[in-house]
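# Overview (structure and organization)
Below are the chains, spelled out letter by letter.
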Amino acid sequence: MTLVRHNDYGALRPPVIGAWRPTLRVSVVIPARDCAGTLERTMAGLARQTYPAELLEVVIADDGNEPPLDVPGARVVRVTGGWGRGAARQAGQLAATGDVIHWLDSDMLLADDHVEAHMRWHHLIEYAVVIGDTRFVAEPGEEGVQAEYTRKTLESTARLKEAGASAYLLHTGASTSVRTDLLRAAGGVDASLNMAEDTELGYRLAQAGAVFIPDAEARAWHVGPSTVMLREREVHRHNWSYLGDLIPDLRWLRGHPRRTWRVPYVRVVVAATTYEETRASVDSALAGTLPDAAVTLVGPWDELTGERRSNLDDPLLDLRLLRNLYAHEPRVVFAQSVPASAAPAPFLLGLPSGWVLGADTLSRLVRHAGRDQLGLVSVALAEGPSGVVAARLERTAAFARASLFEGEADDLVDEMFGSEWVSGAEYGFATADEAEPPAGDPAKWRALAGERLQEVKKLRAEVERLSAEVERLSAAPPADDGDGGAGRGGLGSLIRQLRSAG
């Protein structure tokens, strides 16, 4: 299976349509509600597909139609336990038996080779999410146009090859396909969502290691404009009310400095040691300027039983105190072992107990990882008897993709996403003994950090100006300033002071 770096699928060479032999089974899943006329047309298009009929099944998710749907050539499953597009898609994919799930809306006109165009990518790699080329037409038979957002995104990202971590934003339910195993590893469809379930699913597929591939040859047409085209502002108003909770990458939806969010941006993992050391580490993670950080505290929590014991001489006293301390903190969860993944959070920071984060350490590390879409940033903290003590910022998507291959995870991540080592002191790490206890609120910390940054910029600009002045004066003949050259010495002293301050 081919290694794809970031989302650059350009090295993949899919077979020419009509010149290859498929082997994978595909389940076309169609959520259906009040669409009898258009569904009949979509089914007719599926009956004409060039993909082998024995490898293609159609599953219709009947979302509360009365009377219930009866669709020749398809298996109909009734949606229960919920309603809407999320519940329908989830019911359909759970009933599907194919190697690949191909989502399709009930009002689509399909080119005869539409499914084949999708499926050739899935025969190349197991972690592809293929996005069909959907055009909007007023009447069947027209060439149609792409949605404006889709067109601009494809143009600005070399058809998603340069989209990096944001490629999932083009994922829609109208015509996309994904390996069934990858879909289910990502958690399937959120059945509670009746709008934007496709964007939210795309985000989780990205965290599962997916590569998003828009295929211009997977042609389909939608008769009439989409809901977003007709009511864009209302759609965004509706969807953003909950997507901020579910997709931490949408940073503009998380402007509140102290809110708790369902999916954190960074999950910090700390192994419980002594009460004091562990508390210092956890508190520093919760008090920083990155508001949507959460902590997983790892320890043998199941050993904390309720029988009579000596309160002060309990051999598990430190562990018990830590559980008491964070029992009602919503951003701390207790785990028996280190989690295999932070998904759906996009980042995991492994922090050795007893090491403390500075106010903006997490923010700076994430920004560093984001500049080149690095999959791993290792932070050297100290040299210990057994080697380097390090913290690790891992990109969830990178390690999820690496897990699909045989080999050392760090090496695979470096090859597909890149990795770097940085100094802990440079990013504000300190030991619990050295660090100041967290104080103040994050908003004030951010404001102070911003003011300090502006101050440093001004001082550096002044240093550059004065340095240029020194060079100019040095090129001129020395002048007696009445103080034995003290004027020039004073200027040099000022520059040294400013450089020290900067």
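Quick summary incoming for the structure in this document. Everything numeric in this text was worked out from a predicted model, so none of it was measured.

Procedures and definitions
Residues numbered from 1 in each chain as written. Predicted model: local features only at pLDDT ≥ 70, side-chain atom pairs only at ≥ 80, totals over all residues. Heavy atoms only, no water. 1 Å grid on protein atoms, 1.4 Å probe; cavity = no way out; pocket = protein on both sides within 12 Å on 5 of 7 lines; lining within 4 Å. Points joined across faces, edges and corners; volume = space filled by probe spheres on them. Helix = DSSP H or I, 4+ residues; strand = E, 2+ residues; numbered from the N terminus. Axes fitted to C-alpha atoms, helices over the stretch in contact; angles between N-to-C directions. Parallel < 35°, antiparallel > 145°, perpendicular 65-115°, else oblique. Left-handed = near helix turned anticlockwise from the far one by under 90°. Contact = heavy atoms within 4.5 Å. Nonpolar A, V, L, I, M, F, W, Y, C, P; charged D, E, K, R; others polar. Salt bridge = Lys/Arg side-chain N within 4 Å of Asp/Glu carboxyl O. Buried < 20%, exposed > 50% of the residue type's maximum accessible area, 1.4 Å probe, protein only. Pairing = 2+ DSSP bridges.

Below, the discussion takes up the layout of surface pockets. Its volume calculated, the second largest pocket comes out at about 770 Å³. Ala340, Ser341, Ala342, Phe399 and Ala400 are, among the 35 residues lining the second largest pocket, the residues nearest its centre. Of all elements in the fold, only helix H5 (180-185), helix H6 (197-207), strand E9 (266-271), strand E12 (347-350), strand E15 (387-395) and helix H11 (396-402) reach the threshold of two or more residues within the lining of the second largest pocket. With four residues, E15 is the single largest residue contributor to the lining of the second largest pocket.

Next up on the list: the packing of helix H8 (residues 275-286) against helix H9 (residues 317-326). Where H8 meets H9, the closest approach of the two axes is 9 Å, and the angle between their N-to-C directions is 25°. Accordingly, the angle class assigned to the pair H8 and H9 is roughly parallel. Relative to H9, H8 is oriented so that their crossing is right-handed. Within the contact between the two elements, H8 uses Tyr275, Thr278, Arg279, Val282, Asp283 and Leu286 and H9 uses Asp318, Leu321, Leu322, Leu325 and Tyr326. Considering only residue class, the contact of H8 with H9 consists of seven nonpolar, one polar and three charged.

For the structure on display, the rule yields 25 salt bridges. In this structure, Arg89 engages Asp105 in a salt bridge whose closest nitrogen and oxygen atoms are separated by 3.2 Å. Taken together, the residues Arg89 in helix H2 (residues 85-95) and Asp105 in the loop between strand E4 (100-104) and strand E5 (108-110) connect sequence positions 16 residues apart. Residue classification places Arg89 among the buried positions, given a relative accessible area of 3%. Relative accessible area serves as the criterion here: at 21%, Asp105 is assigned to the partly exposed category. Salt bridges sharing partners connect three or more residues here, namely Arg85, Arg89, Asp105 and Glu197.

Counting buried positions over the five residues of strand E7 (residues 175-179) gives five, a clear majority of the element. Side chains of E7 alternate between two faces, with Ser175, Ser177 and Arg179 and Thr176 and Val178 buried alike. Of the pairings in the sheet, the one linking strand E6 (residues 128-137) to E7 comprises three bridges and is antiparallel in character. Following the sheet pairing, Val130 is matched in E7 by Ser177.

Here we have seven strands laid out as an open sheet, ordered E11-E10-E9-E12-E15-E14-E16, and mixed in their pairing. Two strands bound the open sheet, and with one partner strand each, they are strand E11 (332-335) and strand E16 (419-423). When the angles between neighbouring strand axes are averaged without regard to direction, this sheet yields 25°. Two elements, E9 and strand E10 (residues 293-298), share six bridges in a ladder whose sense is parallel. Residue Arg267 lies in a different strand from E10, and its bridge partner there is Ala294. Strands in contact with H9 are E10 and E11; relative to E11, the strand with the most contacts, it is inclined by about 145°.

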